[in-house]
Amino acid sequence: MELRHLQYFKAVAEELNFRKAADRLFISQPGLSRQIRQLEELLGVQLFERDQKHVQLTPAGVYLKGEVDFVLNHLETTRTQLKQIDSGKIGELRIGFLGSASNRVLPDLLQKLNEKQPGITTSLEELSNAMQVEMIQKDRLDLGYVRMAIVPEGLSKKTVLKDSFSVVVPLDHGVNSSNFNSLSQFSEEAFILFSSDYSKYYYDQIMGICRDAGFSPQIRHKSVHALTIFKLVENRMGVAIVPTSLKEGYELKVRFLEIPNTSQYTELSAIWKPENRNPALKRVLALL
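Keep in mind the model is a prediction, meaning the values are calculated, not measured.

A.B. asks: I'd like a description of the pattern of salt bridges, backed by residues and values.
C.D. replies: This model, assessed by the stated rule, comprises 17 salt bridges. The salt bridge partner of aspartate 23 is arginine 19, with a shortest N-O separation of 3.7 Å. Of this pair, aspartate 23 and arginine 19 both sit in helix H2 (residues 18-25), 4 residues apart, which is roughly one turn of that helix. Exposure remark for aspartate 23: the relative accessible area of 48% places this residue in the partly exposed category. Several salt bridges converge on common partners, so that one network encompasses Lys10, Glu14, Glu15, Arg24, Lys65, Asp69, Glu134 and Lys138.

As structure tokens, then:
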């Protein structure tokens, strides 16, 4: 079996169309079909169910696709690390993060890296919880910052920030720090919340805080970006509930009011795969 067999298989598995996969690989369709048949013969299993109209993965093909994704991603990481080492650098760390990590936690880590591990470069990408988990599992990310109560088996998790919740209101809102005593004061307001795509666990927490205050929020808008939420609040489209630490780094006409008398808090956690062989990750974990 050769690397090209895996690359050809990956293209067909993603396209589920031999013609499109052949175009993507810049080879002929008959040539691609021969390579796939050869791979099936080498493995002794059928990887695709195919007729003139449809192509789909067999159960064996579905399993192989996951393994091939891992192998090819790992080879690409190895190639990148070799280039970094050859140029005198320790390596590159690929970091995924939620937007709320970019105000304090992520800058703190990058500053520590600059001071203590200057040979490590970083590649940063803002992603949802689910996408970070998937990419870490497939070795496409080394480290993630998520808001999750639990993570899938095979991943490690360390809480790096515990945070209270605050209501975000326009600067001229009638409720302010001197007269704010209960979230129920906002029961008739429109709410702008982080979408459940940002973090289902976090979204459920917000719903729980409102229920504890005796009301169900009237959700008018949702977003996965803090700046979008704050701009909507600034323009009086509603109020929002966010982690208190998000008040850092934005200069907008909004006010943060920390929610009193609630036992709820939110955690931002770092996650990684212990089996990850990127040498840069091992150096960074000590800095978390």
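A.B. asks: Outline the side chain of aspartate 142, supporting the account with residue identities and numerical values.
C.D. replies: With respect to the secondary-structure elements, aspartate 142 resides in the loop between helix H6 (129-137) and strand E5 (143-146). At 3.0 Å, the side chain of aspartate 142 forms a polar contact with the side chain of asparagine 276. A distance of 3.0 Å separates a polar atom in the side chain of aspartate 142 from a polar atom in the side chain of asparagine 278. If we ignore the near neighbours within four places in the chain, the residues touching aspartate 142 are Glu92, Leu93, Arg94, Ile271, Trp272, Asn276, Asn278 and Leu281.

A.B. asks: Which residues make up the domain arrangement of the chain, and what values do they have?
C.D. replies: Taken domain by domain, the chain holds domain 1 (3-86), domain 2 (91-160 + 268-287) and domain 3 (165-264). A straight line from the C-alpha centre of domain 1 to that of domain 3 covers 47 Å.

A.B. asks: So, the nonpolar core: which residues are in play, and what are the values?
C.D. replies: Note that soluble globular proteins tend to have their nonpolar side chains buried in a common cluster. Formed by 33 residues in total, the largest nonpolar core has its most connected members in Val167, Leu183, Phe186 and Ile241. Among the elements that take part in this core, helix H7 (residues 200-212) stands out by supplying 6 residues, more than any other.

Criteria and thresholds
Residues numbered from 1 in each chain as written. Predicted model: local features only at pLDDT ≥ 70, side-chain atom pairs only at ≥ 80, totals over all residues. Heavy atoms only, no water. Salt bridge = Lys/Arg side-chain N within 4 Å of Asp/Glu carboxyl O. Helix = DSSP H or I, 4+ residues; strand = E, 2+ residues; numbered from the N terminus. Buried < 20%, exposed > 50% of the residue type's maximum accessible area, 1.4 Å probe, protein only. Polar contact = N/O pair within 3.5 Å; in protein donor to acceptor, adjacent residues only side chain to side chain. Contact = heavy atoms within 4.5 Å. Domains from an automatic or database assignment. Core = buried A, V, L, I, M, F, W, Y, C linked by side-chain atoms within 4.5 Å.

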